[in-house]
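# Structural overview
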Amino acid sequence: MHKHPHNRMLRWRPAAAALAAAVAASAFLAVPSAQANEPADPPAGQELPAPTPGFALPTEHSQQAFDPASDFTSKWTRADAKQIMAQSNPNVAPGQNSMSPDVSMPEIPEDFPAMNDDVWVWDTWSLTDENANQISYKGWDVVFSLVADRHAGYGFDQRHWNARIGYFFRKTNADPAKDKWNYGGHLFLDNTSIGNTEWSGSTRLMQGDHVNVFYTATTFYDVAERNAGGGGIAPDAAIAKALGNIHADKNGVTFDGFEHTKLLEPDGKMYQTKAQNPGFAFRDPYTFADPAYPGKTFMVFEGNTAGNRGDYKCKGEDLGYQPGDPHAENVNDVQNSGANYQTANVGLAVADNKELTKWSFLPPVLSANCVNDQTERPQIFIQNENGKNKYYLYTISHQFTYAAGMRGPDGVYGFVGDGVRSDFQPVNNSGLALGSPTDLNLPANNPSGTISDQQNGRQFQAYSHYVQPGGLVQSFIDNVNGVRGGSLSPTVKINFKNGVTRVDRSFGRNGLGPFGYLPTNVRVGGEGLYK
């Protein structure tokens, strides 16, 4: 029986044991799988959806693992993504939710609380270790968020080029339904980070009281013009890190001593550059250890396939249809539709030194060429299933970034394989793990643009989802039936195993946990004196 957060009975398994780091190897030599994260609860049914008459079959994926340094890149194909519509109800009344409840986020109430009255809050992540455990530090839970000043005179949709990384903390034994997060302010001192805008990343507790903050260093050259509703000069972007110190006392948590290092810029060979496409994506570093390669630290990030915008030629492998499928699309028709402008990928890099200041690119682990243009905030979550480590790649994407002829909601997309580089199987055969309620029978909308009066009012209720241990999923509120957000959403829970995911509607109240619920599962530094 589930115990629900609103009853203050928090159900947690013991944390997975930390994996000892071996001396860095000079080559990727596979070793027997070590212990991974404690598995999420399995879904009630573990069968992938059956084929839908009238739709093409999904691509066959083996889930086979490859050497991380190999040039194999898994494809999220059009045949895969077409399953989203195959599994959608074509007969709902306009403006309802056409998606299955198994992949639909429960509806957020319009009277949601503000997380903070002074700053908008969106992309959020926890203090973690290299195995994705969420760390309580000396009795305090700590989260990091992109923030922007609510009172600076610009609007909510102008927050992106005014973004800074802020942090929040509260006592580990706090009541998540009653006790608010304390805002600690900006993480970095003004004018010290690389770039003038700080975008998403991840934060790892290192030895002692050191933290490594991996972030996207973005530089906008027309902030004032953009705030006034104009602008349009393409920004620069690099992946950076800052090594600093964390402190805790009875009053809370503070940080200092950050030293910033630029780590990576797109190479134009595997990952698209600004010169190749002013709208390129290069952001959201997430670092992790792989138990199959002790001593190695990897990073996944969002990228785009290298090459000048519009030059990409859609291939049969991007479409992924099975031979002779009567519902398959024609490559030339897909190319001529303009689908070749959508070239998202999930990149991979490996650290070349133990200080994590030098990195080398590896080929992308996933591409969505001719399918989608954004695979944001990727994460790798490793869990043991039936005695074997399975690697879940979670990412987020928008409905308006799909290629022509494709349709899907804003939300979480997942893929599972036998290694960090695998022939990834899209979860639920489609990739869709969790979406905001959407009528997929109606045209796609953009939360910053004109929204159809007929469309479901919660199609943009939440975004920038972050999958936590145990299958808890955090996100921020964007637009709930016309009410703009800038605060953290209620946490929801997905159960997953064998490539099947299901929303757990027994969690919380009708599937919604407390707002901003990011519980920790590993305690470091003792309880301090601050319980």
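These lines cover the structure that appears in this document, whether it is placed above or below. (Residues numbered from 1 in each chain as written. Predicted model: local features only at pLDDT ≥ 70, side-chain atom pairs only at ≥ 80, totals over all residues. Heavy atoms only, no water.)

### Let's talk about the side chain of N521
Along the chain, the position of N521 falls in the loop between strand 24 (500–503) and strand 25 (522–524). Among the polar contacts made by the side chain of N521, one reaches the side chain of N133 at a distance of 3.1 Å. (Helix = DSSP H or I, 4+ residues; strand = E, 2+ residues; numbered from the N terminus. Polar contact = N/O pair within 3.5 Å; in protein donor to acceptor, adjacent residues only side chain to side chain.)

### Details of the state of the cysteines
Applying the stated criterion across every chain, the model contains one disulfide. The disulfide bridge from C314 ends at C370, spanning 2.1 Å between sulfur atoms. Every disulfide takes its handedness from the sign of the S-S torsion; for C314 and C370 that torsion is -105°, giving left-handed. Of this pair, C314 sits in the loop between strand 12 (297–304) and helix 3 (316–319) while C370 sits in the loop between strand 14 (359–369) and strand 15 (376–385), placing them 56 residues apart in sequence. For C314, a relative accessible area of 7% corresponds to the buried category. (Disulfide = S-S within 2.5 Å. Buried < 20%, exposed > 50% of the residue type's maximum accessible area, 1.4 Å probe, protein only.)

### Remarks on the pattern of salt bridges
Within the structure shown, the criterion is met by 19 salt bridges. The salt bridge partner of R502 is D102, with a shortest N-O separation of 3.3 Å. On the criterion of sequence distance, the pair formed by R502 in strand 24 and D102 in the loop between helix 1 (78–86) and strand 2 (119–128) is long-range, its members being 400 residues apart. A salt bridge links K274 to D236; its shortest N-O distance comes to 3.0 Å. One end of the pair, K274, is in the loop between strand 10 (252–264) and strand 11 (283–289); the other, D236, is in strand 9 (residues 236–249), and 38 residues separate them in sequence. When its relative accessible area of 28% is taken as the criterion, K274 is described as partly exposed. Through salt bridges with shared partners, one network takes in D157, R159, D478 and R484. (Salt bridge = Lys/Arg side-chain N within 4 Å of Asp/Glu carboxyl O.)

### What to know about the environment of S126
Note on placement: S126 falls in strand 2. There is a polar contact of 3.4 Å between the side chain of S126 and the side chain of Q134.

### Concerning empty space enclosed by the protein
Taken as a whole and judged by the stated rule, the model has five cavities of 30 Å³ or more. Counted as a void, the second largest cavity has a volume near 70 Å³. If you go around the second largest cavity, the residues you meet are S200, G201, D284, P285, Y286, R377, P378, Q379, H465 and Y466. For the lining of the second largest cavity, the elements supplying multiple residues, two or more each, are strand 7 (197–205), strand 11, strand 15 and strand 20 (460–467). Across the lining of the second largest cavity, the residue classes break down as four nonpolar, four polar and two charged. (1 Å grid on protein atoms, 1.4 Å probe; cavity = no way out; pocket = protein on both sides within 12 Å on 5 of 7 lines; lining within 4 Å. Points joined across faces, edges and corners; volume = space filled by probe spheres on them. Nonpolar A, V, L, I, M, F, W, Y, C, P; charged D, E, K, R; others polar.)

### Focus: the pairing of strand 20
For strand 20, the buried fraction is high: eight of the eight residues fall into the buried class. Relative to strand 21 (residues 472–480), strand 20 runs antiparallel, the two being bridged by five bridges. Paired with F460 across the strands is N479, a residue of strand 21. Between strand 20 and strand 21, which pair antiparallel and follow one another directly, the connecting turn spans four residues, one of which, G470, has a positive phi of 85°. (Pairing = 2+ DSSP bridges.)

### A closer look at the packing of aromatic side chains
For any two aromatic rings, the description comes down to two numbers: the centre-to-centre distance and the angle of the planes. One pass over the full model with this rule turns up 31 aromatic pairs. Here the aromatic rings of Y167 and F255 are separated by 4.8 Å at their centres, their planes lie at 80°, and the arrangement is edge-to-face. With a gap of 88 residues between them, Y167 in strand 5 (residues 164–171) and F255 in strand 10 connect regions that are remote in the sequence. Each member of the pair, Y167 together with F255, is buried. Residues F282 and F301 carry aromatic rings whose centres are separated by 5.3 Å and whose planes lie at 65° to one another, so their mutual orientation is edge-to-face. Of this pair, F282 sits in the loop between strand 10 and strand 11 while F301 sits in strand 12, and the two are 19 residues apart along the sequence. Looking at F282, the relative accessible area reads 1%, which means it is buried. Note on F301: relative accessible area 0%, which makes it buried. Feature note: the residues W125, W140, F144, Y167, F169, F188, Y215, F255 and F258 constitute an aromatic cluster, connected by ring pairs. (Phe/Tyr/Trp six-rings, centres within 6.5 Å; stacked < 30°, edge-to-face > 60°.)

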